[in-house]
Amino acid sequence: MASEPRYRLLKPRLLLELMERTGTGAGISGRELAARVGVAHGTIDALLGGKTQTQPASVAQNIADVIGVDLLILWAPTGRSVPAEDPAKPTTRVAVPA
């Protein structure tokens, strides 16, 4: 069975701003969002802090639904045009002797 596609959060700051005023006009806390989506609150904290960048499609869709926005406002499907990790973040490189 194929694994579920992953989506990358485009702008953690935008998620935070949308949490302050959801589609209903009310704000939502990270803990409440996590409970309604069905994930650990640490998952939401990691997304907001940029420590985690991707989530399975079902989680990304549930977050968008709870916030009250279309999926692609916050998320992009990972693949050839959208890397799973932010290419702007420095990566650890290991020197290989010649």
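Rules of the game
- Residues numbered from 1 in each chain as written.
- Predicted model: local features only at pLDDT ≥ 70, side-chain atom pairs only at ≥ 80, totals over all residues.
- Heavy atoms only, no water.
- Helix = DSSP H or I, 4+ residues; strand = E, 2+ residues; numbered from the N terminus.
- Buried < 20%, exposed > 50% of the residue type's maximum accessible area, 1.4 Å probe, protein only.
- Areas by Shrake-Rupley, 256 points an atom, 1.4 Å probe, with all protein chains shown as cover.
- Core = buried A, V, L, I, M, F, W, Y, C linked by side-chain atoms within 4.5 Å.
- Contact = heavy atoms within 4.5 Å.
- Pairing = 2+ DSSP bridges.
- Axes fitted to C-alpha atoms, helices over the stretch in contact; angles between N-to-C directions.
- Arc of directions from axis to C-beta.

Draft legend 1. Broad picture of the overall build of the chain. What the chain contains, in helices and strands, is five helices and three strands. Mapped in sequence order, the helices and strands of the chain form the string β-α-α-α-β-α-α-β. Put simply, the chain has 98 residues, and 32% of those count as buried. Of the accessible surface of the chain, which amounts to about 6500 Å², a share of 55% is contributed by carbon and sulfur atoms.

Draft legend 2. Highlighting the nonpolar core. Leu15, Leu33, Ile63, Ile67, Leu74 and Trp75 are the most contacted members of the largest nonpolar core, which totals 21 residues. Counting residues per element, the ones that place at least two in this core are strand 1 (6-9), helix 1 (12-20), helix 2 (30-37), helix 3 (41-49), helix 4 (57-67) and helix 5 (71-74). Among the elements that make up this core, the one with the highest residue count is helix 4 (seven residues). Sequence-distant contacts of Ile63, defined by excluding residues within four places in its chain, comprise Leu15, Leu33, Val37, Ile44, Leu47, Leu74 and Trp75.

Draft legend 3. A look at the pairing of strand 1. One ladder, built from three bridges, connects strand 1 with strand 2 (residues 54-56); its direction is antiparallel. Opposite Tyr7, over in strand 2, you have Gln55 as the bridge partner. Pairing geometry for strand 1 and strand 3 (residues 75-77), over three bridges, is antiparallel. Across the sheet, Arg8 pairs through a bridge with Ala76, a residue of strand 3.

Draft legend 4. Layout of the sheet that holds strand 3. Strand order across the open sheet formed by three strands is 2-1-3, with antiparallel pairing between neighbours. Each having just a single partner strand, strand 2 and strand 3 make up the two edges of the open sheet. Sheet twist, expressed as the average angle between the axes of neighbouring strands with direction ignored, equals 35°.

Draft legend 5. View of helix 1. Looking only at helix 1, the buried set comprises Leu15, Leu18 and Met19. Buried residues of helix 1 fall within an arc of 105° about the axis and therefore sit on the same side. Exposed and oriented more than 90 degrees from the buried face of helix 1 are Arg13 and Glu20. Where helix 1 is buried, its residues contact strand 1, helix 2, helix 3, helix 4 and helix 5.

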